[in-house]
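# Chains, contacts and geometry: an overview
Given next are the chains, with one letter for each unit.
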Amino acid sequence: MEGPYTLVSFVLGGILLLLAFLLQQKKSHERSSSSTTSSIPRGYNWTLPFFGETFDFLKDPHNFHLKHIARFGETFYASLFGENCIVVTTPEASKWVLQTAQHYFRPGYPRSVTTIVDATESIYQPQFHSRMRKIVGSTLYPEALQNYVKYIDAVARISLSSWKFKKTVNLYDEMKRYTFFVASKILCSLDPGPELEEMALNMEKVKNGFLSLHIDLPFTRYHAALKARDALYRSFKKIIDCRRNEGRRYNDMLEALMLSDEPGQKFSDAQLQALILSLMFAGYETTSAQLVWAMKRLHDNPEILEAVKAEHDAIRKSKLKEDSLNWGDIKEMKLTLRVIYETMRTSHLDVFIPREPLQDLEYDGSLFPRGWKIHASISAFHLDPKVFPDPYKFDPSRFENGGPPPNTYMPFGNGNRKCLGSEIAKTQMLILIHHIVSNYRWEAAGPDQGIQWWAVAIPKGGYPIRVQPR
Ligand code: HEM
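## Brief notes about the coordination of the iron atom of the ligand
If you check the protein contacts of the iron atom of the ligand, you find one donor only, Cys419 (SG), at 2.3 Å. In this fold, cysteine 419 is placed in the loop between helix H17 (378-382) and helix H18 (422-439).

So this is what it looks like as structure tokens:
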């Protein structure tokens with residue numbers, strides 16, 4: 001007799017808990033809005049407990065934004081990743097959040113990201129952040145980049161060399177290997193090999209955990225990400241310890257971070273590990289996804305592809321096959337750079353940039369309560385016809401003559417946290433595109449199946465292509 005009663009009490013208890021949660025969710029919404037003349041932007045008041053609208057969002061974030069804009073306006077409320085979020089979708093509001101009022105915000109990455117990276121509490125502190133920016137920026141400014149061109153050229157050649165023997169490749173997988181190898185070299189002077197392959201696998205698991213719900217159970221992506229993070233941190237610790245003991249010079253980003261130790265301001269090992277992971281991730285996933293989109297856009301726009309090929313053929317004309325590219329060649333790739341800019345506008349990649357207000361803030365009649373998440377959805381205005389006419393048309397000429405008006409195009413963010421790797425990302429993309437268009441023809445190996453959204457947006461299935469030497 002005990003079984004059914006236990007079940008009934010369990011179900012009833014669950015329903016009561018659910019009602020209490022929903023009531024509390026609605027109340028917290030009302031409470032925050034009543035204390036000031038501005039109010040919480042409109043959105044659905046009643047959503048699933050904990051999960052909120054996360055599943056709907058992850059299915060298609062761009063469409064999620066479009067539907068909410070149509071129903072609630074350009075600034076709206078959404079319950080995502082177990083948190084209360086306000087989404088802003090215009091260039092003006094995004095600029096206000098990311099730049100004008102930047103000192104009233106801290107990064108607002110979902111809890112899954114902050115708990116996986118760990119040590120984020122310390123790396124969020126303004127003092128720590130500006131030191132990190134100064135040091136990392138000093139290794140990535142354009143003059144410093146010139147030294148990396150030869151290396152990136154070599155990695156691009158190695159990465160593409162196996163294509164001669166393959167009929168089909170999965171472009172996303174190939175691009176991830178390429179960008180991971182480049183990031184690992186620039187950060188920690190690591191060369192391709194079994195250890196790096198293992199790290200790449202763990203990085204993939206970490207990435208998969210980033211946009212998951214933070215439920216630490218053996219079968220969840222979040223749990224797998226934590227384990228992979230631990231393995232990566234063990235590898236980083238080995239590298240750090242080794243460097244402390246051997247006293248050799250490396251001239252890379254990790255060295256700059258370790259040598260910058262000022263008295264009383266030394267980065268702890270935990271902070272260094274968190275920084276390496278964040279920097280590796282920042283430079284790897286984003287760039288590889290953009291490269292996949294660039295190759296798809298070129299394939300789908302044959303006239304532009306022909307013009308791009310001509311640009312690269314002209315560069316190769318004065319070179320032997322084995323000659324590496326140099327900085328002067330990179331500067332000649334003007335059309336290809338516009339293709340990259342237009343790819344970044346249309347690729348939906350940065351679905352949102354997250355922030356958290358440090359105090360209650362008001363913007364244009366909207367209340368941004370302290371501790372909530374504010375998402376600046378840059379892909380929403382990159383694809384808004386009011387900002388970019390005929391927004392779904394792939395048209396690199398938008399970037400001629402100075403390009404779009406200021407603060408309407410922000411693929412690398414804006415304000416005091418703007419991407420530090422924008423120049424190296426563009427250089428990596430230009431070099432890889434150079435070697436592909438100079439040496440290969442390609443076509444999609446299957447029908448276009450739309451977009452796959454997980455951490456970043458890519459063509460579904462990772463864009464498998466059939467390749468042929470040119
Ligand atoms: C196409 C490729 C890339 C895109 C679209 C991209 C985009 C972005 C965006 C939107 C931000 C701002 C995040 C925020 O405001 O919270 C950012 C920050 C950052 N990115 Fe990139 N990124 C790319 C490649 C890279 C590369 C190759 C690196 C190299 C290490 C890098 C390093 C960083 C760093 C260090 C930050 C943090 C800056 C800070 O917190 O002050 N990124 N990136």
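Having seen the model, we can carry on.
## Observations regarding the pairing of strand S11 (residues 456-459)
Pairing of strand S10 (residues 451-454) with S11, which is carried by 4 bridges, proceeds in the antiparallel orientation. When the bridges of S11 are listed, glutamine 452 appears paired with isoleucine 458. In sequence, S10 turns back onto S11 through a hairpin of 1 residue, with alanine 455 there showing a positive phi of about 70°.

## Regarding the layout of surface pockets
One number sums up the size of the largest pocket: a volume of about 390 Å³. As for the largest pocket, its lining consists of 13 residues, and the residues nearest its centre are Arg157, Lys164, Lys321, His435 and Asn439. If you list the elements that add at least two residues to the lining of the largest pocket, you get helix H8 (142-161), helix H14 (302-317) and H18. Along the lines of polarity and charge, the residues of the lining of the largest pocket split into 3 nonpolar, 4 polar and 6 charged. What the second largest pocket holds in volume is close to 340 Å³. Every element with two or more residues in the lining of the second largest pocket is listed here: helix H15 (327-332), helix H16 (334-346) and H18. Residues of the lining of the second largest pocket, tallied by class, amount to 11 nonpolar, 4 polar and 5 charged.

## Regarding the packing of aromatic side chains
Within the structure shown, the criterion is met by 17 aromatic pairs. Measuring from centroid to centroid gives 5.6 Å for tyrosine 77 and tryptophan 372, while their planes differ by 55°, and the two rings are tilted. In this pair, tyrosine 77 sits in strand S1 (residues 75-80) while tryptophan 372 sits in the loop between strand S7 (366-368) and strand S8 (373-376), placing the two residues 295 residues apart along the sequence. Side by side, tyrosine 77 and tryptophan 372 carry an identical accessibility label, which is buried. A network of ring pairs unites the aromatic residues Phe57, Phe64, Phe81 and Phe352 as a single cluster. Positioned over the ring face of phenylalanine 267 is arginine 131, at 4.2 Å from the centre of the ring.

## A few points about the pattern of salt bridges
Under the counting rule described, the total for this entry stands at 30 salt bridges. Salt-bridge contacts for aspartate 252 lead to arginine 243; the nearest nitrogen and oxygen are separated by 2.7 Å. As far as burial versus exposure is concerned, aspartate 252 and arginine 243 are alike and both buried. Taking the shortest distance from any N to any O, the salt bridge between glutamate 255 and arginine 249 comes out at 3.4 Å. Judged by its relative accessible area of 9%, glutamate 255 falls in the buried class. Note on arginine 249: relative accessible area 60%, which makes it exposed.

## Here's the deal with the sheet that holds S8
In space, the 5 strands of this open sheet follow the order S1-S2-S8-S5-S3, with mixed pairing throughout. Since the sheet does not close on itself, it has two edges, and those belong to S1 and strand S3 (105-107), each with one partner. Neighbouring strand axes in the sheet, compared pairwise and without regard to direction, differ in orientation by 35° on average. Where strand S2 (residues 83-88) lies against S8, 4 bridges are found, and the strand directions are parallel. The residue of S8 that forms the bridge with cysteine 85 is lysine 373.

## Notes on the nonpolar core
Of all hydrophobic cores here, the largest spans 98 residues; its most connected members are Trp163, Tyr178, Met280, Leu298 and Trp442. Residue contacts for methionine 280: discarding those within four places in its chain leaves Phe180, Ala183, Ser184, Leu187, Leu190, Met199, Met203 and Phe236. Grouped together as the second largest cluster of nonpolar side chains are 21 residues, Ile86, Ile353, Trp372 and Ile378 included.

## Re the sheet that holds strand S12 (residues 464-469)
The strand order across the open sheet built from 3 strands is S4-S12-S9, with neighbouring strands paired in antiparallel fashion. A single partner strand is all that each edge strand has here, and the edge strands are strand S4 (168-170) and strand S9 (440-444). Here the average twist between neighbouring strands, direction ignored, is 35°. Pairing between S9 and S12: 5 bridges, direction antiparallel. Pairing of glutamate 443 across the sheet is with arginine 466, part of S12.

## Let's talk about the environment of serine 366
In this fold, serine 366 is placed in strand S7. For the pair serine 366 and isoleucine 40, spaced 326 residues apart in sequence, the C-alpha to C-alpha distance is 5.8 Å. Once residues lying within four places of it in the same chain are set aside, the contact partners of serine 366 are Ser38, Ser39, Pro41, Thr75 and Leu361.

## Re the packing of helix H13 (residues 269-300) against H14
Each pair of packed helices can be described by the angle between their axes along with the distance between the axes. Running from amino to carboxyl end, H13 crosses H14 at an angle of 110°, the nearest separation of the two axes being 5 Å. Judged on the interaxial angle alone, H14 and H13 are roughly perpendicular. Only Pro302, Ile304, Leu305 and Val308 of H14 make contact with H13, whose side of the interface consists of Leu298, His299 and Asp300. Of the residues in the contact of H13 with H14, the class split is 5 nonpolar, 1 polar and 1 charged.

Calculation notes
- Residues numbered from 1 in each chain as written.
- Predicted model: local features only at pLDDT ≥ 70, side-chain atom pairs only at ≥ 80, totals over all residues.
- Heavy atoms only, no water.
- Donors = N, O, S within 2.8 Å, 3.2 Å for Na, K, Ca; no water.
- Helix = DSSP H or I, 4+ residues; strand = E, 2+ residues; numbered from the N terminus.
- Pairing = 2+ DSSP bridges.
- 1 Å grid on protein atoms, 1.4 Å probe; cavity = no way out; pocket = protein on both sides within 12 Å on 5 of 7 lines; lining within 4 Å.
- Points joined across faces, edges and corners; volume = space filled by probe spheres on them.
- Nonpolar A, V, L, I, M, F, W, Y, C, P; charged D, E, K, R; others polar.
- Phe/Tyr/Trp six-rings, centres within 6.5 Å; stacked < 30°, edge-to-face > 60°.
- Buried < 20%, exposed > 50% of the residue type's maximum accessible area, 1.4 Å probe, protein only.
- Lys NZ or Arg CZ within 6 Å of the ring centre and 35° of its normal.
- Salt bridge = Lys/Arg side-chain N within 4 Å of Asp/Glu carboxyl O.
- Axes fitted to C-alpha atoms, helices over the stretch in contact; angles between N-to-C directions.
- Core = buried A, V, L, I, M, F, W, Y, C linked by side-chain atoms within 4.5 Å.
- Contact = heavy atoms within 4.5 Å.
- Parallel < 35°, antiparallel > 145°, perpendicular 65-115°, else oblique.

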